[in-house]
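Structural description and commentary
In case you want the letters, here they are:
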Amino acid sequence: KAGVTQTPRYLIKTRGQQVTLSCSPISGHRSVSWYQQTPGQGLQFLFEYFSETQRNKGNFPGRFSGRQFSNSRSEMNVSTLELGDSALYLCASRVVGSGHGTGQFFGPGTRLTVL
Amino acid sequence: GENVEQHPSTLSVQEGDSAVIKCTYSDSASNYFPWYKQELGKRPQLIIDIRSNVGEKKDQRIAVTLNKTAKHFSLHITETQPEDSAVYFCAASRISNFGNEKLTFGTGTRLTIIP
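Here's a quick rundown of the structure. Note that the structure is predicted; figures quoted are calculated from it, not measured.

1. What to know about the sheet that holds strand β3 (residues 19-24) of chain A
All names here are of chain A. The strand order β1-β3-β8-β7 describes an open sheet built from four strands, whose pairing is antiparallel. The open sheet has two free edges, formed respectively by β1 (5-7) and β7 (64-68), since each of these has just one partner strand. Neighbouring strand axes in the sheet, compared pairwise and without regard to direction, differ in orientation by 20° on average. The pairing of β3 with strand β8 (residues 74-78) spans five bridges and is antiparallel. Directly across from Cys23, in β8, lies its bridge partner Ser74.

Here it is in structure tokens:
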């Protein structure tokens, strides 16, 4: 099976702009989660989607939003970019299991630089 | 919310020796504990996971132990090899009966294998 893919791989934006990142999960995986990775804060959970519904949300401001489509592909949007939003944004997909963990598989990430 | 602490932050071991990384978690309802390996410039890769109804799990040179009473879990790598050099992350999650999952990651351990 093809792995998780993310586009674009690199982005450079300026403060105040907005950005949309895309994630295509492994075939058959209905859940997509998004994470922000920075040297200072490590890996932080943003949100999880499955069945086109947000299921969990991390402690990020409302400028961070997402959605999921019927084919399980997901997008993440960041509005009014700030310098501190510079990070590697990772998405991860998994099979949805009832009551037990099934392992998340990460994409290569999108490196966002805000100038 | 869940808080995961990971120690040590850096670890150097001689090739062939064993390495142990320890994590503690705060939410006694957490029931799923994966470990990820991230090589420089690469995506995190799931290497082993354990559910709360199991005390130990082994996969070749890698093993994970879980002590639910003390709320800590550990990664053990035996017969270390140069390719084990990477950053290792532990994580904890409470999987709901609906399948929701929100991974909280530790801060990472940079493991260096000395040839």
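What follows picks up the thread again.
2. Looking at the nonpolar core
All names here are of chain B. Counting residues in each nonpolar core, the largest one holds 23 residues, and the members touching the most others are Trp35, Phe73, Leu75 and Leu111. Counting residues per element, the ones that place at least two in this core are β2 (10-14), β3 (19-25), β4 (32-38), β5 (45-51), β7 (62-67), β8 (72-77), β9 (86-92) and β11 (109-114). Residues in contact with Phe73, not counting those within four places in the same chain, are Ile21, Lys22, Cys23, Tyr25, Phe33, Trp35, Thr65, Leu66, Cys90 and Ala91.

3. Description of the environment of A:Leu90
With respect to the element layout, A:Leu90 can be found in strand β9 (residues 87-94). The class of A:Leu90 is buried, set by a relative accessible area of 0%. In contact with A:Leu90, other than residues within four places in its own chain, are A:Gln6, A:Ser33, A:Trp34, A:Tyr35, A:Gln37, A:Leu43, A:Phe106, A:Gly107, A:Pro108, A:Gly109 and B:Pro44.

4. Observations regarding the environment of B:Ile62
Here B:Ile62 shows up in strand β7. Setting aside chain neighbours within four positions, we find B:Ile62 in contact with B:Ile47, B:Ile48, B:Lys57, B:Leu75, B:His76 and B:Ile77.

5. Considering the pairing of β3(B)
Residues and elements named next belong to chain B. Residue alternation in β3 divides its side chains into a buried set, Ala19, Ile21, Cys23 and Tyr25, and an unburied set, Val20, Lys22 and Thr24. Examined bridge by bridge, strand β1 (residues 4-7) and β3 share four bridges and lie antiparallel to one another. Opposite Gln6, over in β3, you have Cys23 as the bridge partner. Across six bridges, β3 lies against β8 in antiparallel orientation.

6. Regarding the state of the cysteines
If you walk through the whole model with that rule in mind, you get two disulfides over all chains. Residue pairing for A:Cys23: its cysteine sulfur links by disulfide to A:Cys91, the two sulfurs lying 1.9 Å apart. Taking the sign of the S-S torsion, 75° for the link of A:Cys23 and A:Cys91, the bridge is right-handed. Of this pair, A:Cys23 sits in strand β3 while A:Cys91 sits in strand β9, and the two are 68 residues apart along the sequence. Judged by its relative accessible area of 0%, A:Cys23 falls in the buried class. The exposure class of A:Cys91 is buried, given its relative accessible area of 0%. Disulfide pairing places B:Cys23 opposite B:Cys90 at an S-S distance of 2.0 Å. Handedness here is read from the sign of the S-S torsion; for B:Cys23 and B:Cys90, about -100°, the answer is left-handed. Pair noted here: B:Cys23 is in strand β3 and B:Cys90 is in strand β9, with a separation of 67 residues, a long-range link.

The rules behind the values
- Counting from 1, residues in each chain are numbered in the order their sequence is written.
- Here chains are named by letter from A upward and ligands by number from 1 upward, in the order in which they appear as written.
- Restriction of local features to residues with pLDDT of at least 70 applies here, the model being predicted, together with a cutoff of 80 or more for giving and counting side-chain atom pairs; totals for whole chains, interfaces and linings are based on all residues.
- The side-chain values count all of the structure's non-hydrogen atoms but skip hydrogen atoms and water molecules.
- Here, any two strands with at least 2 DSSP bridges between them count as paired.
- Only DSSP runs of H or I with at least four residues qualify as helices, and only runs of E with at least two residues qualify as strands; both kinds are numbered from the N terminus onward.
- To define axes, lines are fitted to C-alpha atoms, for helices over the stretch in contact only, and angles between the resulting N-to-C directions are given on a 0 to 180 degree scale.
- Working definition of a nonpolar core: buried Ala, Val, Leu, Ile, Met, Phe, Trp, Tyr and Cys residues. They are joined through side-chain atoms within 4.5 Å.
- Here the term buried applies to any residue with accessible area under 20% of the maximum for its type, exposed to any over 50%, and partly exposed to those in between, with areas from a 1.4 Å probe on protein chains only.
- In this description, contact between two residues means that some pair of their heavy atoms is separated by no more than 4.5 Å.
- Defined by distance alone, a disulfide is two cysteine sulfur atoms within 2.5 Å.

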